[in-house]
Amino acid sequence: MAGDTSPATEVDERLAEAGGKSFRVLVTAGYFSPGWRAGGPVRSISDVLDTASADVSTVLLTRDRDLGCPAAYPGLSGTWVRRGRTDIFYLGVRHPAHWRTLWRSLRSARFDLLYVNSVWSVFSILPIVAARLGLLRAERILVAPRGEFGAAALGLHRLRKRVFLAGWRWMLRGPRVLWHATGPQEVADIRRVLPRARIGVVALAAGPEPQPVPAELPATDHTRLVFISRISPMKNLDLVLAALAHVPAPVRLDVYGPVEDPRYWQRCRELWAALPDPSVVSYRGELSPGQVGTTFARYDASVLPTRGENFGNAIAESLAAYCPVICSDRTPWTPVLRDGGGQVLTELTPAALGALLTRVATAPPAQRRAARLSAGEAYRRWRLSRPRVSVLDQAWRAVDEPPHRVPPQGRTS
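Residues numbered from 1 in each chain as written. Predicted model: local features only at pLDDT ≥ 70, side-chain atom pairs only at ≥ 80, totals over all residues. Heavy atoms only, no water.

Asks: Which parts of the structure should I look at to understand the overall build of the protein?
Replies: Along the backbone of the protein there are 15 helices and 15 strands. Taken over the C-alpha trace, the protein has a radius of gyration of 22 Å; the compact-globule value for 413 residues is 22 Å, and the two agree within 12%. Seen through its principal axes, the protein has C-alpha atoms that stretch 65 × 45 × 45 Å. Scored against the burial criterion, the 413 residues of the protein give a buried share of 54%. When contacts within the protein are restricted to residue pairs at least 6 apart in sequence, long-range pairs at least 24 apart make up 74% of them. (Helix = DSSP H or I, 4+ residues; strand = E, 2+ residues; numbered from the N terminus. Rg over C-alpha atoms; globule rule 2.2 N^0.38 Å. Buried < 20%, exposed > 50% of the residue type's maximum accessible area, 1.4 Å probe, protein only. Contact = heavy atoms within 4.5 Å.)

Asks: What is the right way to read the UniProt feature "domain: Glycosyl transferase family" (unreviewed entry) in the protein from this model?
Replies: Here the UniProt feature "domain: Glycosyl transferase family" (unreviewed entry) sits at residues 220–369. With 41% helix and 18% strand, residues 220–369 has end C-alpha atoms that lie 13 Å from one another. (UniProt positions renumbered as here; feature names shortened; annotations may be inferred.)

Asks: Honestly, the packing of helix H10 (residues 289–296) against helix H11 (residues 313–320) in this entry has me stumped. Any pointers?
Replies: For any two helices packed against each other, the geometry is given by the interaxial angle and the distance between the axes. For the pair H10 and H11, interaxial distance at closest approach is 8 Å and the crossing angle is 50°. As judged from the angle between their axes, H10 and H11 are oblique. The handedness of the crossing between H10 and H11 comes out as right-handed. Here Val292, Gly293 and Phe296 of H10 come into contact with H11, specifically with Ala314, Glu317 and Ser318. Among the residues forming the contact of H10 with H11, the class breakdown is three nonpolar, two polar and one charged. (Axes fitted to C-alpha atoms, helices over the stretch in contact; angles between N-to-C directions. Parallel < 35°, antiparallel > 145°, perpendicular 65-115°, else oblique. Left-handed = near helix turned anticlockwise from the far one by under 90°. Nonpolar A, V, L, I, M, F, W, Y, C, P; charged D, E, K, R; others polar.)

Asks: Explain the environment of Asp87 to me, please; I cannot follow it from the model alone.
Replies: Examined against the element boundaries, Asp87 turns out to sit in strand S5 (residues 86–91). The exposure class assigned to Asp87 is buried, which follows from its relative accessible area of 3%. With 60 residues separating them along the chain, Asp87 and Val27 place their C-alpha atoms 10 Å apart. When residues no more than four places from it in sequence are discounted, the contact partners of Asp87 are Val11, Arg14, Thr58, Val59, Leu60, Trp80, Val81 and Arg82.

Asks: Honestly, the pattern of salt bridges in this entry has me stumped. Any pointers?
Replies: Considering all chains together, one arrives at 18 salt bridges under this definition. Between Arg65 and Asp64 there is a salt bridge whose closest N-O contact spans 2.8 Å. Residue Arg65 is classed as partly exposed on the basis of its relative accessible area of 23%. Overlapping salt bridges, with partners in common, bring together Arg37, Asp66 and Glu286 in one network. (Salt bridge = Lys/Arg side-chain N within 4 Å of Asp/Glu carboxyl O.)

Asks: I keep staring at empty space enclosed by the protein and nothing clicks. Help me out?
Replies: Rolled over the atoms, a probe as big as a water molecule pinpoints where empty space is left. Taken as a whole, this structure holds three cavities of 30 Å³ or more when the rule is applied. Elements represented by at least two residues in the lining of the largest cavity include exactly helix H2 (40–51) and helix H15 (391–399). Residues belonging to the lining of the largest cavity are distributed by class as follows: ten nonpolar, six polar and four charged. Estimates place the volume of the second largest cavity at around 50 Å³. Ile228, Phe296, Ser302, Val303, Leu304, Ala314, Ile315, Ser318 and Val325 are the residues that line the second largest cavity. Looking at the lining of the second largest cavity, the elements that each hand over two or more residues are strand S13 (301–304) and H11. Considered class by class, the residues forming the lining of the second largest cavity number seven nonpolar, two polar and no charged. (1 Å grid on protein atoms, 1.4 Å probe; cavity = no way out; pocket = protein on both sides within 12 Å on 5 of 7 lines; lining within 4 Å. Points joined across faces, edges and corners; volume = space filled by probe spheres on them.)

Asks: Teacher, can you tell me more about the packing of helix H8 (residues 237–244) against helix H13 (residues 350–361) here?
Replies: Running from N to C, H8 and H13 cross one another at 70°; their axes reach a closest spacing of 8 Å. With respect to H13, the element H8 is oriented roughly perpendicular. Remark: the crossing between H8 and H13 carries right-handed chirality. Across the interface between the two elements, Leu239, Val240, Ala242, Ala243 and Leu244 of H8 pack against Pro350, Leu353, Gly354 and Leu357 of H13. Taken together, the residues that form the contact of H8 with H13 break down as eight nonpolar, one polar and no charged.

Right under this line is the structure:
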C-alpha cells in the first residue's frame, strides 16, 4: 500500500484543521489494504476513498492485520498512515495502548458522517455505540451491509444473527442512520429487515479498469475453467465440484482462494475426491490482488455460482480480463452477463450447472474465443455507463435532503 507513516501529532492537527473542510467522514472497516483476504470489500472501500472529491476529508479505522492472519502488518500496527488524502489508523484490538492513541486523536474531532462497512463487525458495532452515546461526535451514520442482509447470508448462523438483531435493531433506526445499498435487490433486503430504513445511497462500485484485448489462448484438448474467490459456503464451490460429475466433455478446473471455512473446505475436498477423475481439479492456493486479472485472462471461463453478492468484485475482475463468467442470478451482474458477459445460472443444482458447463466445454475454439471478446466488450459498455461519483459525495447530498425520499439506483436522495 502506498502511504507514509504519520506521527499522531500531525494527524491531530489535520483532524483539527478538517473543520474547514466541507464534509468530514470517519470510515470504519474490519479489513483494508495492504490486506486482501477479505475479498471485494477491501477493493470497494479503496474505490470509495479514491473517488471522493477534494472537499471530503476522510479518516479510516481498520484492523492491523489481514483476515485469518495472526501477525500484524509490519510497521503499521498502532500507527497512523497517510494514503492519498486519507489518514488510516491500524488498530490492534487487544492492545490498550492503541486504543489510547486512537482516542487522543478522535476525542476532539467532529465528523459529519460515520460510514461503517458491515452490520456484524466489531468495527461497526463499537463506533455506532460510541456515536449514539456521544463519545464519538458524528452527525449521521451511514451503514453499508455489504450483502449481509441477503437471504442466503442471513441463513448462515441464522439463530445467532436473529438474536443479535433482536437486541441491536433499535440502534439501526432513526433519522440519524442512513443506508448504502448497491442496487434494488439490496434495497429490498434492507427493507425486509428494517422496513422504515432510510436508503441514503444506492450505488455500485466502479469496478477495475478493463484490460487490453487478450491474445488467443494456446490450443488444448480441454476447456480451462477457474474459480477465484474466498472458499466459504456463500461462494458455492461445493456446487461447482458436484456439477463436474455431470460434465461429459473434457474440462480442467483450477481453484484459487483463501480457505475461510475449514469445515466447508473439507466437504469440498470430499466432493472433489468422489469425482470420476479427481485430477481434473487443482487447488492453486491464494492470489494477491495484482495477480487476479492476469490469472483470469488465462482461462476460457470463470465459475462462481454464488448464493448472493451485493456487488461481486471477482465477477468484475473476470469480465475486465475478457474471461466469461458462469454465475448465479443472485448478483447485480445478470444484465451484463445476458448482454454478452457469460452465462446465468437460474437453478442452483449440480445438474443445471453441469449443463451450462457442458455447453461451454463443447463449444468449438472459435466460439470460445468469441465469447471471451464478448465478455470484455459487455464489461466495457457497463463501466462506461457507471456514474463516477464517490459514495461519500452522494451521502453528503443525502444528508441535506428530506428524509422521506428514496433515491433511484446510482443517485442520491
